[in-house]
There are 2 protein chains.
Amino acid sequence: MPLRLSRRAVTALLLAALPGAAAGQQGGGDPLPSWREGATKRAILDFLDAVTTEGGPDFVAPADRLAVFDNDGTLWVEQPLYTEFVFAFDRVRTLAPQHPEWADREPFRSVIAGDMAAVARAGHKGIAEIIAVTHTGMMPEVFHQTALDWLATARHPRFHRPYTDCIYQPMLEVLALFRARGFRTYIVSGGTTEFMRPWAERVYGVPPDQVVGTTFKLRYEVVQDRGELLTLPEIELIDDGPGKPAGISRIIGRRPVAAFGNSDGDYEMLEYTTTGPGRRLGVIVHHDDAEREYAYDRQSHIGRLDRGLSDAERKGWHLASMRGDWSRVFPDS
Amino acid sequence: MPLRLSRRAVTALLLAALPGAAAGQQGGGDPLPSWREGATKRAILDFLDAVTTEGGPDFVAPADRLAVFDNDGTLWVEQPLYTEFVFAFDRVRTLAPQHPEWADREPFRSVIAGDMAAVARAGHKGIAEIIAVTHTGMMPEVFHQTALDWLATARHPRFHRPYTDCIYQPMLEVLALFRARGFRTYIVSGGTTEFMRPWAERVYGVPPDQVVGTTFKLRYEVVQDRGELLTLPEIELIDDGPGKPAGISRIIGRRPVAAFGNSDGDYEMLEYTTTGPGRRLGVIVHHDDAEREYAYDRQSHIGRLDRGLSDAERKGWHLASMRGDWSRVFPDS
């Protein structure tokens, strides 16, 4: 190959050349086969046609084609508990033999005993402590491997498949379609950046520099003549709620034109995205499918959707009903 | 055009198709025409050949082709004063009529009086205060426009040209050549992210999401029904010295394989980059050309290069002598 293309360029070329993607642009075929015909699917396709039609009133230059996606509950399952919390609790149990002092100390004692009600009572502070001891005090590369090792064997308690298979097939199609139309697709999640980076490219096609999440402070040090970073047990930036637009500005540097979320933690991201000038798209995945996944919104402790549900119509955000809009939920194992 | 390509993909295609770039790969022509033949030019070209030779022992996959560049003193002139400081001082003078209280308050009084020795005596704290009042309390977009307006009329005191023309032609060629070989090129600077983003793409070909700099805290708010960010007068992250590897990890998420710097503020970035596994490249631009630009290193208050100069040989970092290695310094006006 005489021309040297970046992997990104090759991916864009290949995706653009796919029959589905090309057809999606030209009217034949179905670029979103796991989405049933309906208002939300129509809104997504109309938006993409509008912003990619050169000379049209809503045309968006390729450099500004930025789409942001929440992760937990938007791209993968977040019930009965955020996957990153399940990971952290499992790590506490794995590390417990090296920490005899945890036997008498909350919230560790309750995690080790499997008393999730007691863990919940420890609240944000308790969770933060658990996240800190399981995520920090090591190089990011070491944490990446720990996360990958866990994901390789852990199984979702209801779906009995790896967590990285508990992802939403309709959203994978959305990610691919946006990229085929010249968009860069970013994850903007309340989860930690380093928990997502090691697998987001393989699973979602999102490279490490397009993952925006919660971060810990880092300390640079030289270890055996090699420059290394050490993750410190102190949160640096929380990428949730109003922290999401800030994270977008910090990392991406431009206001996105499309945003996908599912909970009130995505409210500000949806608002920031859709109140910019020109054509915009905001979509909320609504978990209303207890049979195939879960049904929860206003009352849920995990992924609560209350304010967003009340304001969606007024804000022009489209609800994607899992039960109604998605013909399938998960990809084949 | 039936295939929709991102601007990035189009740029990669066009650059790869340029006679110079293609020739650089295949042995004819000169992809770095402003670099004189010598050890440093050879080191850059050998590195690029090695990491892009498929099947070779030093091959680097396209996704890992990341190169980081300091800005002040590496890509553009930083003497007699960092351009961002000149901007900030000019802004203080412009804003002074709205701030009568500055007439009696240091360091503002001295800035307005043009007493730079007194400003220098105010030290880091004084400079930080000046940067805060001139850079914050507004939306990033408003600050971008302010910076662009200033750059459009300000002229370098010695070279009598816009600061964005006081950039190094040899480094523009390096940036283009790295991109032609499938690299993503990032700026990693102690300057603020928002001062560089509005012009880095036009001047260097580096888009906003590939600019890593010092940042201020941001607050999200809704202004006339539109979600906006407000820059707060509080530094969030300092991207200098050991903060550069941390910034690289936070934004890029992978260890770069090539780094270009010029001062001790780039030491840790060079070390972090070049002590990773596999083939690496570290280059220090050495300002030893008082005739065409400036000559400074160990004793300079701006862009001091002391530790880096002492350790370069032992660390395997290449010195690019401005006087010896560069046949020209600036592009045509």
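The model shown is predicted, which means the values in this text are computed figures rather than measured ones.

Participant: Just checking my understanding: could you explain the overall build of chain A for this structure?
Facilitator: Summing up its helical and strand segments, chain A has 14 helices and seven strands in all. Its C-alpha atoms give chain A principal-axis dimensions of about 65 × 50 × 35 Å. In chain A, which comprises 333 residues, the proportion classed as buried is 60%. Within chain A, residue pairs in contact and separated by at least 24 positions form 66% of the contacts whose partners lie at least 6 positions apart. When the accessible area of chain A is evaluated, it comes to approximately 13,400 Å², of which 54% is carbon and sulfur surface.

Participant: Teacher, can you tell me more about the sheet that holds strand E6 (residues 281-286) of chain A here?
Facilitator: By definition, the strands of a sheet pair up through backbone hydrogen bonds, in either a parallel or an antiparallel sense. Residues and elements named next belong to chain A. On the basis of which strands lie adjacent, the open sheet formed by seven strands has the order E4-E3-E2-E1-E5-E6-E7 and mixed pairing. Two strands lie at the open edges of the sheet, namely strand E4 (226-237) and strand E7 (318-321), each paired on one side alone. Here the strands of the sheet are splayed against their neighbours by 35° on average, with no regard to which way each runs. Relative to E4, strand E3 (residues 211-223) runs antiparallel, the two sharing eight bridges. Looking at E4, one finds that Leu 218 is bridged to Thr 231.

Participant: Explain the environment of B:Met138 here, please?
Facilitator: Along the chain, B:Met138 falls in the loop between helix H7 (123-135) and helix H8 (140-153). Contact partners of B:Met138, with chain neighbours within four places excluded, come to B:Phe143, B:Leu229, B:Leu230 and B:Thr231.

Participant: Would you mind showing me how to read the packing of H8(B) against helix H10 (residues 193-204) of chain B here?
Facilitator: Describing two packed helices takes the angle between their axes plus the distance from one axis to the other. Residue and element names in this part refer to chain B. Between H8 and H10, the shortest axis-to-axis distance is 9 Å and the interhelical angle comes to 65°. With respect to H10, the axis of H8 lies roughly perpendicular. For the pair H8 and H10, the crossing hand works out as right-handed. Here Pro 140, Phe 143, His 144, Ala 147, Leu 148, Trp 150 and Leu 151 of H8 lie close against H10, whose contacting residues are Glu 194, Phe 195, Arg 197, Pro 198 and Trp 199.

Participant: What should I look at first to understand the confidence of the model for chain A in this one?
Facilitator: Detailed reading of the predicted coordinates is not advisable wherever pLDDT is low. Residue and element names in this part refer to chain A. Residues of chain A with pLDDT of at least 70 account for 92%, and the chain-wide mean is 92. The low-confidence segment residues 9-26, where pLDDT is below 50, has 23 contacts with residues more than four positions distant or belonging to other chains. Complex prediction metrics read pTM 0.91 and ipTM 0.89.

Participant: Could you clarify how one ought to interpret helix H9 (residues 169-180) of chain A in this entry?
Facilitator: Side chains of residues three or four places apart in an α-helix project in the same direction, reflecting 3.6 residues per turn. All names here are of chain A. Compared with an ideal rise of 1.5 Å per residue, which puts 12 residues at 16 Å, H9 spans 17 Å between its outermost C-alpha atoms and is within 8% of the ideal. Most of H9 is tucked away, with 10 of its 12 residues classed as buried. Just downstream of H9 lies Gly 182, where phi reads positive at about 90°.

Participant: Before we go on, may I ask you to explain the packing of helix H11 (residues 243-251) of chain A against helix H12 (residues 267-274) of chain A in this structure?
Facilitator: All names here are of chain A. Across the interface, H11 lies against H12 with an axial gap of 7 Å and an inter-helix angle of 55°. By the angle between their directions, the pair H11 and H12 is classed as oblique. For the pair H11 and H12, the contacting residues are Lys 244, Pro 245 and Ile 248 in the first and Glu 268, Met 269 and Tyr 272 in the second. In the contact of H11 with H12, the residues fall into four nonpolar, no polar and two charged.

Participant: Before we go on, may I ask you to explain the pairing of strand E7 (residues 318-321) of chain B in this structure?
Facilitator: Sheet faces and side chains relate simply in a regular strand, where the side chains alternate between the two faces. All names here are of chain B. Bridging between strand E6 (residues 281-286) and E7 involves four bridges; their strand directions are parallel. Opposite Ile 284, over in E7, you have Leu 319 as the bridge partner. Note that the unit made of E6, helix H13 (residues 307-315) and E7 has a crossover that is right-handed.

Participant: Would you mind going over the nonpolar core with me for this structure?
Facilitator: The nonpolar side chains of a soluble globular protein tend to be buried with one another. The biggest cluster of nonpolar side chains holds 55 residues, and the ones touching the most others in it are B:Ile44, B:Phe47, B:Met171, B:Val174, B:Phe178, B:Tyr204 and B:Phe260. Elements with a contribution of two residues or more to this core: helix H3 (39-52), strand E1 (66-69), helix H4 (83-95), H8, helix H9 (169-180), H10, strand E5 (258-261) and E6 of chain B. Here B:Val174 is in contact with B:Leu32, B:Trp35, B:Ile44, B:Phe69 and B:Phe260, once residues within four sequence places are set aside. Ranked by size, the runner-up nonpolar core spans 54 residues in total, among them A:Val77, A:Met171, A:Ala258 and A:Ala320.

Participant: I'm lost on the pattern of salt bridges in this one. Help?
Facilitator: If the charged atoms of two oppositely charged side chains come close together, the side chains can form a pair. Within this structure, the stated rule accounts for 50 salt bridges over all chains. Taking the shortest distance from any N to any O, the salt bridge between B:Asp49 and B:Arg181 comes out at 3.3 Å. Of this pair, B:Asp49 sits in helix H3 while B:Arg181 is found in the loop between H9 and strand E2 (184-192), placing the two residues 132 residues apart along the sequence. Under the relative-accessibility criterion, B:Arg181 is labelled buried at 1%. Its salt-bridge partner being B:Glu129, residue B:Arg105 comes within 2.2 Å of it at the nearest N-O pair. Placement of the pair is B:Arg105 in the loop between H4 and helix H5 (108-113) and B:Glu129 in helix H7, with a sequence separation of 24 residues. Looking at B:Glu129, the relative accessible area reads 24%, which means it is partly exposed. The network of salt bridges with common partners includes A:Asp30, A:Glu37 and A:Lys41.

Participant: Before we go on, may I ask you to explain helix H12 (residues 267-274) of chain B in this structure?
Facilitator: For H12(B), the tally of buried residues reaches eight of eight residues, placing the bulk of the element in the interior. B:Tyr267, B:Glu268, B:Met269, B:Leu270, B:Glu271, B:Tyr272, B:Thr273 and B:Thr274 are the residues of H12(B) that are buried.

Analysis parameters
- Residues numbered from 1 in each chain as written.
- Chains lettered and ligands numbered in written order.
- Predicted model: local features only at pLDDT ≥ 70, side-chain atom pairs only at ≥ 80, totals over all residues.
- Heavy atoms only, no water.
- Helix = DSSP H or I, 4+ residues; strand = E, 2+ residues; numbered from the N terminus.
- Buried < 20%, exposed > 50% of the residue type's maximum accessible area, 1.4 Å probe, protein only.
- Contact = heavy atoms within 4.5 Å.
- Areas by Shrake-Rupley, 256 points an atom, 1.4 Å probe, with all protein chains shown as cover.
- Pairing = 2+ DSSP bridges.
- Axes fitted to C-alpha atoms, helices over the stretch in contact; angles between N-to-C directions.
- Parallel < 35°, antiparallel > 145°, perpendicular 65-115°, else oblique.
- Left-handed = near helix turned anticlockwise from the far one by under 90°.
- pLDDT = per-residue confidence, 0-100.
- Expected span 1.5 Å × (residues − 1).
- Nonpolar A, V, L, I, M, F, W, Y, C, P; charged D, E, K, R; others polar.
- Right-handed = clockwise from strand over helix to strand, strands pointing away.
- Core = buried A, V, L, I, M, F, W, Y, C linked by side-chain atoms within 4.5 Å.
- Salt bridge = Lys/Arg side-chain N within 4 Å of Asp/Glu carboxyl O.

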